[in-house]
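Fold and geometry: a report
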Amino acid sequence: MATASNLQSEDQFLCSICLDVFTDPVTIPCGHNFCKNCINEHWNTSDRCQCPMCKEAFTTRPDLRVNTFISEIVVQFIQSAQQKTSSSSSEQQVSKPGEVPCDFCTGTKLKALKSCLVCLASYCETHLEPHLTMSGLKRHQLIDPVENLEDRMCTKHDKPLELFCKTDLTCICMLCLVLDHKMHDVVPLKEEYEEKKAELGKTETEIQQMIQKRRLKIQEIKHSVHLSEEDADRGIAEGVQVFTALKESVERGQANLINLIKEKQKTTEKQAEAFIKELEQEISELTKRWTEVEQLSRSEDQLHLLQSFQSLKAAPPTKDWTEVSVRPSYEGTVRRAVAQLEETLNKEMKKLLAKSELKRVQQYAVDVTLDPDTAHPRLILSDDGKQVNDSDVRKNLPDNPERIDTYVNVLAKQSFSSGRFYFEVQVKRKTDWDLGVARESINRKGAIKLSPQNGYWTIWLRDGNEYKALDVSRVSLSLKSRPQKVGVFVDYEEGLVSFYDVDAAALIYSFTGCCFTEKLLPYFSPELNHGGKNSAPLIISPVNQAE
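What counts, and where the lines are drawn
Residues numbered from 1 in each chain as written. Predicted model: local features only at pLDDT ≥ 70, side-chain atom pairs only at ≥ 80, totals over all residues. Heavy atoms only, no water. Pairing = 2+ DSSP bridges. Helix = DSSP H or I, 4+ residues; strand = E, 2+ residues; numbered from the N terminus. 1 Å grid on protein atoms, 1.4 Å probe; cavity = no way out; pocket = protein on both sides within 12 Å on 5 of 7 lines; lining within 4 Å. Points joined across faces, edges and corners; volume = space filled by probe spheres on them. Nonpolar A, V, L, I, M, F, W, Y, C, P; charged D, E, K, R; others polar. Buried < 20%, exposed > 50% of the residue type's maximum accessible area, 1.4 Å probe, protein only. Polar contact = N/O pair within 3.5 Å; in protein donor to acceptor, adjacent residues only side chain to side chain. Phe/Tyr/Trp six-rings, centres within 6.5 Å; stacked < 30°, edge-to-face > 60°. Lys NZ or Arg CZ within 6 Å of the ring centre and 35° of its normal. Core = buried A, V, L, I, M, F, W, Y, C linked by side-chain atoms within 4.5 Å. Contact = heavy atoms within 4.5 Å. pLDDT = per-residue confidence, 0-100.

1. Remarks on the sheet that holds strand 13 (residues 433-439)
- The six strands lie next to each other as 11-20-13-14-15-16, forming an open sheet whose pairing is antiparallel. Sheet topology places strand 11 (410-411) and strand 16 (474-477) at the edges, where each strand pairs with a single neighbour.
- Sheet topology note: the strand 14 (residues 456-462)/strand 15 (residues 466-470) ladder contains four bridges and is antiparallel. Within strand 15, the position partnered with tryptophan 460 by the bridge is lysine 468.

Structure (structure tokens):
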């Protein structure tokens, strides 16, 4: 190729027929120059012998001889281009596997920068230069370098595939449009390319979003597996604890049964020894009498026998041994022991399961603090928001919409609209209290009735011994012990509110089948002071896992 200094004269080295550098250049009578083969082929396929450039006709076909001057200039031009190619090749990138190589590099193939759809060739930076500077080559269509350029040509018309037929969904050339797709919906290849590229961009975004969702789902599943592993470990530990305790109960029951039977056997043996001793004593006495009777019965002296018979000792008192028996019955002993063991195991199992259940819900413990903006004006709240009691005095506080104005109640600052949560409240030394959860939208002004219909799920204590669950109808609760600390557990999605006696690890009551549709807030009422009888505060306590 020519250097930058003589780019303006490069067109003179190109054949106007093949648009490439002259090969065996010849000059015809009109003065125009062509490759010898190019002009011969042109005249061979044409009816008239005329110049392709100026259209001058010749009556006879001119003799063609190579123009030595132009030929020498072309040789110099090619040598100059080769020198430039050699000098610039070191600055250009060598084609690597997977990259399109330049079709005109000899020896080391450089990386192609563009491919020409007219020439069906790919060019490195140096060999591309004529397509960028020469007027005849500037009209060629250049694209990013690709392999198999023949695939971009119409196999029917040998023309570049420049159009897209939307009707047949295929790429076509200009002749295809005229001959085969005249009435079809045809657009430039670039227009369809941009449209499809936009669709691909949208699809790519959607796929990326789908991938991201699935990655998040993988993280969610892995987290669920991790939680499941923790639950499994906790379940195994709790199961081992329960079955160990039950096993110990069985072993104690077995030991008690064995001891009972052994003690009964010892008693039987002692009774038998006493019977034998008594029997041996009677045998001894009877033996003596038998000896006396036998000696007297052998006497031949009639007088002596009669006189001695009167003086024989009276028969010693003896016991009627007919009904005496030393065969103890163990029938029913095992059955009674098993029945007692069953009762013990049931109690122990219920206790252990309740304890296990309490431990399970305690893992959902949350930090709860009282909200002073909701507190009745009579209530006193601690600075840390963990304690509340009745002051007997109604303070002058702003009557904001959140404040409860009729009953001595207060709500927590925290609200919950999903998941599970748990908190504990100390009720020690109190004769009256209310505890539970309430809907955020409860009526906070005027008279209220604690019930699920009104947005409350609560239990209460009255007069020190009357426990009730304030369900649709009030349910009296029979508790074995008086709770000192009450745990409150909520499963929002399950619709469950449960109350526990923390120290006894026992379930007090559960509201089931609830339908929660809004935020829930922990609810507290220390109830009235009653002249100091109920002055102890309700205290929100830190949750310690049950042992």
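2. Quick notes on empty space enclosed by the protein
- For the structure on display, the rule yields one cavity of 30 Å³ or more.
- Size it by volume and the largest cavity reaches roughly 50 Å³.
- Together, Glu238, Gln241, Val242, Leu352, Lys355, Ser356 and Lys359 line the largest cavity.
- At the level of elements, helix 6 (189-297) and helix 8 (333-362) are the ones that each hand at least two residues to the lining of the largest cavity.
- Ranked by residues supplied to the lining of the largest cavity, first place goes to helix 8 with four residues.
- In terms of residue class, the lining of the largest cavity is built from two nonpolar, two polar and three charged.

3. Focus on helix 7 (residues 302-311)
- Of all 10 residues in helix 7, one are buried; the element is thus mostly exposed.
- N-capping of helix 7 is provided by aspartate 301, with a side-chain oxygen placed 3.1 Å from the backbone N of leucine 303.

4. A closer look at the packing of aromatic side chains
- Evaluation of the coordinates by the stated rule reveals 12 aromatic pairs.
- Residues tyrosine 492 and phenylalanine 516 carry aromatic rings whose centres are separated by 5.4 Å and whose planes lie at 45° to one another, so their mutual orientation is tilted. Taken as a pair, tyrosine 492 in the loop between strand 17 (485-491) and strand 18 (496-501) and phenylalanine 516 in the loop between strand 19 (506-511) and strand 20 (520-525) lie far apart in primary sequence, 24 residues in all.
- Its relative accessible area of 10% is what places phenylalanine 516 among the buried residues.
- Considering the side-chain rings of tyrosine 509 and phenylalanine 511, the 5.2 Å spacing of their centres and the 85° angle between planes classify their relative orientation as edge-to-face.
- Assessed through its relative accessible area of 16%, tyrosine 509 is described here as buried.
- A cation over a ring is seen here: arginine 462 above tryptophan 460, with NZ or CZ 3.8 Å from the ring centre.

5. Quick look at the pairing of strand 21 (residues 538-541)
- Residues Leu538 and Ile540 of strand 21 are buried on one face, and the alternating residues Ile539 and Ser541, pointing to the opposite face, are buried as well.
- Here strand 10 (residues 387-390) runs beside strand 21; their pairing, made up of two bridges, is antiparallel. Bridge assignment links valine 388 to a residue of strand 21, and that residue is leucine 538.
- Where strand 12 (residues 420-426) and strand 21 come together, three bridges link them in antiparallel fashion.

6. What to know about the nonpolar core
- Within the largest apolar cluster, 37 residues are counted, with the highest numbers of intra-cluster contacts made by Trp433 and Phe524.
- Among all residues touching phenylalanine 524, those that are not within four sequence positions of it are Val368, Leu370, Val408, Asn409, Val410, Ala412, Phe423, Val425, Asp434, Leu435, Leu538 and Ile540.
- Ranked by size, the runner-up nonpolar core spans 21 residues in total, among them Leu14, Phe22, Cys51 and Leu137.

7. Remarks on the confidence of the model for the chain
- Across the chain, the average pLDDT comes to 88, with 95% of residues at 70 or higher.
- Under a pLDDT of 50 for its full length, residues 1-8 has, in the predicted model, 17 contacts with residues more than four places off or in other chains.

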